[in-house]
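# An overview of the molecular structure
In case you want the letters, here they are:
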Amino acid sequence: MTAFENKKVFVKTYGCQMNVYDSDRMSDALATKGYSPTDVMDDADLVILNTCHIREKAAEKVYSELGRIRQLKERRAKDGKGEMKIGIAGCVAQAEGQEIIRRAPIVDLVVGPQAYHKLPELLDRTGNGSSVVETDFPVEDKFAALPAAKREVTRKRGVSSFLTVQEGCDKFCTFCVVPYTRGAEMSRPVSQIVAEAERLAEAGVREVTLLGQNVNAYHGEGPDGKDWGLGQLLFRLAEIDGLDRLRYTTSHPRDMDDVLMAAHRDLDIVMPYLHLPVQSGSDKILAAMNRQHSYDDYVRLIERIRTARPDIALSGDFIVGFPGETEADFKDTMRIVREVTYASAYSFKYSPRPGTPAADSKEQVEEAVKSERLQRLQLLLTEQQRAFNASKVGTEMTVLLERKGREPGQLVGKSPWLQAVQVDAPEELIGEIVTVTIDTVGTNSLFGSMIDKPA
Ligand code: SAH
Ligand code: SF4
Ligand code: F3S
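The model shown is predicted, which means the values in this text are computed figures rather than measured ones.

Under the defined criterion, the tally for this structure stands at four aromatic pairs. Between the aromatic rings of Phe322 and Tyr350, the centroid separation amounts to 5.4 Å while the plane-to-plane angle is 70 degrees, which identifies the pairing as edge-to-face. With a gap of 28 residues between them, Phe322 in the loop between β15 (313-320) and α14 (327-340) and Tyr350 in the loop between β16 (344-349) and α15 (367-390) connect regions that are remote in the sequence. Like Phe322, the residue Tyr350 is buried in the burial classification. For the cation-ring pair, Arg103 lies above Tyr63, with the distance from its terminal atom to the ring centre recorded as 3.8 Å. It is Lys142 that lies over the ring of Phe143; its NZ or CZ is 4.9 Å from the centre.

This part takes up the site of ligand 2. As a structural note, the neighbourhood of ligand 2 is formed by Cys169, Lys171, Phe172, Cys173, Phe175, Cys176, Val178, Pro179, Asn214, His252 and Arg291. When grouped by side-chain class, the residues that make up the shell around ligand 2 number seven nonpolar, two polar and two charged.

Paired through their backbone hydrogen bonds, the strands of a sheet run either parallel or antiparallel. With respect to topology, three strands assemble into an open sheet ordered β7-β10-β13, the strand pairing being parallel. Of all the strands in the sheet, the pair left with one neighbour each is β7 (160-164) and β13 (245-249). For this sheet the average axis-to-axis angle between neighbouring strands, irrespective of direction, equals 25 degrees. As paired elements, strand β10 (residues 207-211) and β13 share five bridges and run parallel to each other.

Now for the site of ligand 3. The environment of ligand 3 is formed by Cys16, Asn19, Thr51, Cys52, His53, Ile54, Cys91, Arg182 and Gln213. Here the residues of the shell around ligand 3 sort into four nonpolar, four polar and one charged.

Another point: the sheet that holds β15. The strand order across the open sheet built from three strands is β14-β15-β16, with neighbouring strands paired in parallel fashion. Single-partner strands in this sheet number two, and they are β14 (273-275) and β16. For this sheet, the mean angle separating the axes of adjacent strands, direction not counted, is 10 degrees. In this sheet, β16 lies alongside β15 in parallel orientation, the contact comprising six bridges. Directly across from Phe318, in β16, lies its bridge partner Ser347.

What follows is about helix α13 (residues 295-308). A rise of 1.5 Å per residue sets the reference length of α13, with its 14 residues, at 20 Å; its end C-alpha atoms lie 20 Å apart and thus fit the reference within 8%. Those residues of α13 that sit buried are Tyr295, Tyr298, Val299, Leu301, Ile302, Ile305 and Ala308. Between the side-chain oxygen of the N-cap and the backbone nitrogen of Asp296 there are 3.4 Å, and the N-cap of α13 in question is Ser294.

Look at α14: 20 Å from first C-alpha to last across 14 residues, which is about the 20 Å you get at 1.5 Å a residue. Where α14 is concerned, the buried positions are Asp329, Phe330, Thr333, Met334, Ile336, Val337 and Val340. End-on, the buried residues of α14 take up no more than an arc of 160 degrees, which puts them together on one face. Every exposed residue of α14 that faces more than 90 degrees away from the buried side is listed here: Lys331 and Arg338. Where the residues of α14 are buried, they touch α12 (283-288), α13, β15 and α15. Directly beyond the C-terminal end of α14, a positive phi value near 65 degrees is found at Thr341.

Domain annotation for the protein chain reports domain 1 (7-134), domain 2 (143-390) and domain 3 (396-452). Each of domain 2 and domain 3 has a C-alpha centre, and these two points are 25 Å apart. Contact with domain 2, which involves 15 residues of that partner, is made by 16 residues of domain 3. Between domain 2 and domain 3 lies a buried interface of about 1,300 Å² when both sides are counted; carbon and sulfur atoms form 60% of it. For Arg206, the salt bridge identified is with Glu432, shortest N-O distance 3.7 Å. For the interface between domain 2 and domain 3, the tally reads seven residue pairs in polar contact (both at pLDDT 80 or more). For the side of domain 2 that touches domain 3, the secondary structure elements donating two or more residues are β13 and α15. When its residues are assigned to classes, the side of domain 2 that touches domain 3 shows seven nonpolar, two polar and six charged.

Rules used in this analysis
- Counting starts from 1 at the beginning of each chain's written sequence and moves along it residue by residue.
- The order in which chains are written sets their letters, starting at A; the order in which ligands are written sets their numbers, starting at 1.
- Since the coordinates come from a predicted model, pLDDT governs what is reported: local features require at least 70, and pairs of side-chain atoms require 80 or more to be given and counted, while whole-chain, interface and lining totals use all residues.
- Note: side-chain values were computed over all heavy atoms of the structure, leaving out hydrogens and water.
- We call Phe, Tyr and Trp rings a pair once their centres come within 6.5 Å, taking the six-membered ring for Trp, and we label the pair stacked below 30 degrees between planes, edge-to-face above 60, and tilted otherwise.
- Going along the chain from the N terminus, every DSSP run of H or I of four or more residues is numbered as a helix, and every run of E of two or more is numbered as a strand.
- Exposure is judged per residue with a 1.4 Å probe applied to protein chains only, and the accessible area is read against the type maximum: over 50% gives exposed, under 20% gives buried, and values in between give partly exposed.
- Throughout this description, the term charge over a ring refers to an Arg CZ or Lys NZ atom that lies within 6 Å of the ring centre and within 35 degrees of the ring normal.
- What makes a residue near a molecule or strand is one non-hydrogen atom of that residue sitting within 4 Å of it.
- Polarity classes work like this: nonpolar for Ala, Val, Leu, Ile, Met, Phe, Trp, Tyr, Cys and Pro, charged for Asp, Glu, Lys and Arg, and polar for all others, with Gly in that last group.
- Note on pairing: DSSP must find at least two bridges between two strands before they are called paired.
- Working convention: axes come from line fits to C-alpha atoms, limited for helices to the stretch in contact. Angles between N-to-C directions cover 0 to 180 degrees.
- Here a helix's expected span is defined as the number of its residues, less one, multiplied by 1.5 Å.
- Side-chain atoms alone can form a polar contact between residues adjacent in sequence; in general such a contact is a pair of N or O atoms within 3.5 Å, and within protein one must be able to donate a hydrogen while the other accepts it.
- Relevant arc is that of directions from the helix axis to the C-beta atoms, nothing else.
- Two residues qualify as a contact provided that any one of their heavy atoms is within 4.5 Å of a heavy atom in the partner residue.
- In this entry, domain limits derive from an automatic or database-based domain assignment.
- Here the quantity called buried area is the accessible surface, traced with a 1.4 Å probe, that two parts lose on coming together, added over both.
- Salt bridges are defined by distance alone: a side-chain nitrogen of Lys or Arg within 4 Å of a carboxyl oxygen of Asp or Glu.

Below, the structure is given as structure tokens:
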């Protein structure tokens, strides 16, 4: 039974953008049950931790957070404020399942990413000491079953929005938990995505970032009954009135096809920024990671992308200290960074994940060596990011103004290259795309002056 209740939910999100999107969809599902969001955990009748399992300590972080929440829960009960239910969602929920309840009996609900549409119903089965664990991969279409947000809720969330188009991964890189926590690759049908994008645009969203663990492997059913790739999807979304910017993340170098390149070449609405992780520059390590491409394949691919879209900025992910990585292998990573040049990047020490092949390797790299390599790599990547940002000083660019800035009278927006830009502009310009000249560059953002207000 789903009674309408007037309750509050607090959602804390860890991990990737897909979790950010999922948290909103969970809130939307709970809204149908009378739950409204709160930023204050103490006030919440329901606390959901939407967790990430990608690297070490992710699960431990969840357990220590649960320790703090237990005190709140007990205090709330003592103060007669009613029961505080606790749910664990996301990739730790999927990976740990029942183990979470065993270690933290205060948890009422463990729900894996494939079952979010069942959230209200699952919640009804909890309480008074009974807990529920749902980590199956059901066959029904979760996305079709999840309710859409109300127009004013979408508007409040901002002018830039995520939209998951693809979930799961079949690539099985030997270091990665995603194929286990998110399951097999699936793509949403084109019509469903178009309808969601139209709803977002209608509510005032100007920029949509298409999401998938392997977004450029997208192959959803098109209106013609055929499988459409991501490129074809971008061409279709570009026709939607009111949408001005499209992005997508995260891509795999193996899945950059010609139509996607053409989308970068032909569509101004597709922003000139591409997150294309390479992980390592060593062919030996790339093979051991099961990335299925070489150093040269990647560099040639980057050349093709830059030919299609000369002003494109690249971003990447790197792992140092993968099992068997020697100093020479690491130098190949430094070499590929120098050869490609990145506008921004994320880099990590390899973290053995239980159940993944690389975790069992006998050739684990010492922690101190990992730290030292990470430091060298990050120095180089930071230098490249600074140079990229500095290259924009004195240039003109469009900025989508998203929210209020640090200082009064200031707004913050995004450049086409995903840089944060601070601009002196009145609040009513939030949601507009303005032209600015970049005056200076700070550590984390650019500072620009508006030269052209929107028409
Ligand atoms: N699908 C994307 C990556 C998703 S995970 C791709 O194929 O590129 C995000 C990033 O986390 C990865 O790119 C990788 O750099 C990092 N990562 C994943 N597993 C990791 C591990 N076991 N240890 C360290 N970093 C890891
Ligand atoms: Fe993980 Fe990405 Fe590899 Fe898939 S392609 S296994 S998500 S790193
Ligand atoms: Fe983390 Fe799961 Fe995303 S492991 S990175 S939340 S897909």
